[in-house]
Amino acid sequence: MAAAGEANGGTGKLESSLDVPFPSSREATIALRSLSPDKEPRKGGISKLITVSGSTLSRWSADEARILRVSVNSFLDHLSLVLETMEMFGPPVAV
Amino acid sequence: MTVVIGFEGSANKIGIGIIRDGEVLSNPRRTYITPPGQGFLPSDTARHHRAVILTVLKEALEQAGLKPADIDCVAYTKGPGMGAPLVTVALVARTVSQLWGKPLLGVNHCIGHIEMGRLITKANNPTVLYVSGGNTQVIAYSERRYRIFGETIDIAVGNCLDRFARVIKISNDPSPGYNIEQMAKKGSQYVELPYTVKGMDVSFSGILSYIEETLFSMLVEITERAMAHCGSQEVLIVGGVGCNLRLQEMMGVMCKERGAKLFATDERFCIDNGAMIAQAGWEMFRSGQVTELKDSWITQRYRTDEVEVTWRD
């Protein structure tokens with residue numbers, strides 16, 4: 001998993017991105033569909049985008065470092081729960 | 001034959017239950033208990049649920065003697081409740097639903113309580129008093145909705161009792177309400193004012209007897225009013241506070257006066273549990289409802305009357 005955070009000089013927003021590898025794109029998609037339905041608890045100042053292309057990629061942007069940190073932290077907690085669930089109850093059934 | 005697994009974790013209880021056509025096959029549950037004087041906060045509660053949920057899930061399957069392939073539907077609490085714990089539970093439900101290739105169903109927590117109460121007690125069409133730490137509502141079914149006839153305008157009755165228990169530092173094990181009830185039993189005097197100068201035991205009992213008598217009388221009154229409006233001859237009490245025998249006693253007196261029947265369940269089912277979500281899920285699934293993953297977001301506010309009750313006529 002590679003993580004990078006940098007200040008985007010153009011918009012003044014802080015950005016962070018995570019690349020999460022999965023054994024298959026099916027499993028990456030399962031993780032995506034589990035993690036994306038819930039809205040960010042915070043109303044403004046944060047935007048999160050999760051997409052899949054072979055692996056799961058998430059990209060954040062936030063107005064403040066503190067907001068970014070909270071959101072990324074939450075996501076990592078949630079991701080680890082999803083991964084543990086997949087480990088214990090996977091692999092996914094044949095479609 | 002329809003088998004539904006239900007996931008519940010909207011407050012400090014995490015429970016996963018499996019129901020097959022009205023039979024509870026398993027219903028394991030864990031409670032996050034805080035030290036006396038402290039309530040439970042969302043992030044700590046979520047952390048507690050996170051730590052045990054997969055173990056409880058395994059238990060539910062093992063105790064039921066089932067494999068994931070035997071499950072027909074995965075039900076989970078969509079809301080209402082605390083955000084962080086709701087998300088933790090929804091994540092696991094969504095993930096196993098996809099891993100096992102089974103449809104998902106988001107259930108309203110209050111309706112879970114109602115459907116469990118109906119299943120266990122076989123009450124036909126009761127006026128429902130739903131009382132817990134998070135909710136206080138008087139509900140009656142009418143034309144595909146569980147209509148809210150009366151509710152608290154501020155905090156739930158269980159919340160009032162819990163806060164009171166915190167102030168006087170009663171233990172939260174197994175629950176503050178249970179310990180209030182035990183102490184109140186020893187009280188024999190109804191005291192007008194909340195404060196009384198007597199020996200420690202008597203003054204506790206006096207205060208707690210007062211609290212219970214007053215709060216429960218209020219609930220009996222609004223339930224009776226709803227029954228009068230609906231012409232109902234049955235009362236069903238659900239929710240954690242429904243375990244309280246004094247409340248059941250007081251409600252029983254009112255019911256007897258009206259020639260009505262009182263129904264209640266024991267602590268296995270009136271306290272939050274997974275099987276109640278499975279039961280509501282079973283009803284919803286059999287009447288053709290399913291929740292798409294993109295619509296499976298949890299919500300802290302979810303009114304009982306927002307749900308279309310497609311399984312009753």
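Within every chain, residues take consecutive numbers counted from 1 along the sequence as written. Whichever chain is written first becomes A and whichever ligand is written first becomes 1, with later ones labelled in order. Confidence filtering applies because this is a predicted model: local features only for residues at pLDDT of at least 70, side-chain atom pairs given and counted only at 80 or more, and all residues used for totals across whole chains, interfaces and linings. As a rule here, side-chain values cover all heavy atoms of the structure and leave hydrogens and water aside.

Going by the annotation in an unreviewed UniProt entry, the name recorded for chain B is N(6)-L-threonylcarbamoyladenine synthase, with Neolamprologus brichardi given as the source organism. UniProt positions are given in the numbering used here, feature names are shortened, and annotations may be inferred rather than shown by experiment. Its UniProt record gives chain B a comment under Sequence similarities (unreviewed entry), which states: "Belongs to the KAE1 / TsaD family."

Looking at an unreviewed UniProt entry, one finds chain A named L antigen family member 3 and attributed to Neolamprologus brichardi. Quoted verbatim from the Subunit (unreviewed entry) heading of the UniProt record, the comment on chain A is "Component of the EKC/KEOPS complex composed of at least GON7, TP53RK, TPRKB, OSGEP and LAGE3; the whole complex dimerizes." UniProt, in the comment section headed Sequence similarities (unreviewed entry), describes chain A in these words: "Belongs to the CTAG/PCC1 family."

*Asks:* Quick question: what am I supposed to make of the overall build of chain B here?
*Replies:* Put simply, DSSP H or I for four residues or longer makes a helix, DSSP E for two residues or longer makes a strand, and each gets a number counted from the N terminus. Counting secondary structure elements, chain B contains 9 helices and 11 strands. Oriented by its inertia axes, the alpha-carbon framework of chain B measures out at about 65 × 45 × 30 Å. Burial analysis of chain B (313 residues in total) assigns 57% to the buried set. Residues are treated as being in contact if the distance between any of their heavy atoms lies within 4.5 Å. Look at the contacts in chain B between residues 6 or more apart in sequence, and 75% of them connect residues 24 or more apart. When the accessible surface of chain B is totalled, it reaches about 13300 Å², and 51% of it is carbon and sulfur. The average position of the 33 basic charges and that of the 34 acidic charges among the side chains of chain B differ by 3 Å. A 1.4 Å probe rolled over the protein chains alone gives each residue an accessible area, and that area as a share of the maximum for its type sets the label: buried under 20%, exposed over 50%, partly exposed in between. With residues, only the protein chains shown are counted as cover, and all accessible areas are computed by Shrake-Rupley using a 1.4 Å probe. Charge convention: Lys and Arg are scored as positive, Asp and Glu as negative, and His as well as the terminal groups of each chain are ignored. All charge positions are set by atom: Lys at NZ, Arg at CZ, Asp at CG, Glu at CD.

*Asks:* When you look at the interface of chain A and chain B in this model, what are you seeing that I'm missing?
*Replies:* The extent of an interface is frequently quoted as the accessible surface area lost upon association of the parts. On the side of chain B, 22 residues touch chain A, which itself brings 23 residues to the contact. At the boundary of chain A with chain B, total buried surface from both sides reaches about 1900 Å², with 66% on carbon and sulfur atoms. Of all residues in chain A, Asp38(A), Leu81(A) and Phe89(A) bury the most surface against chain B, accounting for 34% of the area lost on that side. Whenever a carboxyl oxygen of Asp or Glu lies within 4 Å of a side-chain nitrogen of Lys or Arg, that contact is scored as a salt bridge. Close ionic contact of Asp38(A) with Arg94(B) constitutes a salt bridge, the shortest N to O distance being 2.9 Å. For the side of chain A that touches chain B, the secondary-structure elements that each account for two or more residues are helix 1 (25–35) and helix 2 (65–89) of chain A. Classification used: nonpolar for Ala, Val, Leu, Ile, Met, Phe, Trp, Tyr, Cys and Pro, charged for Asp, Glu, Lys and Arg, polar for all others including Gly. Its residues assigned to classes, the side of chain A that touches chain B comprises 11 nonpolar, 6 polar and 6 charged. The term buried area means the drop in 1.4 Å probe accessible area that two parts suffer when joined, counted for both and summed.

*Asks:* Would you mind going over the pattern of salt bridges with me for this structure?
*Replies:* Oppositely charged side chains can pair when the atoms bearing their charge come close. Residues and elements named next belong to chain B. Under the counting rule described, the total for this entry stands at 20 salt bridges over all chains. In this structure, glutamate 213 engages arginine 246 in a salt bridge whose closest nitrogen and oxygen atoms are separated by 2.7 Å. With glutamate 213 in helix 6 (residues 200–230) and arginine 246 in helix 7 (residues 245–258), this pair connects stretches of sequence that are 33 residues apart. Residue glutamate 213 is classed as partly exposed on the basis of its relative accessible area of 21%. Overall, the relative accessible area of 27% leaves arginine 246 in the partly exposed class. Residue glutamate 249 pairs with arginine 246 through a salt bridge whose shortest N-O separation is 3.0 Å.

*Asks:* For this particular structure, what's the right way to read helix 1 of chain A?
*Replies:* The α-helix advances 3.6 residues per turn, and as a result positions three or four apart in sequence lie on the same side. Those residues of helix 1 of chain A not exposed but buried are Glu27(A), Ala28(A), Ile30(A), Ala31(A), Leu32(A), Ser34(A) and Leu35(A). At its buried positions, helix 1 of chain A is contacted by strand 3 (46–53), strand 4 (55–62) and helix 2 of chain A together with helix 2 (83–100) of chain B.

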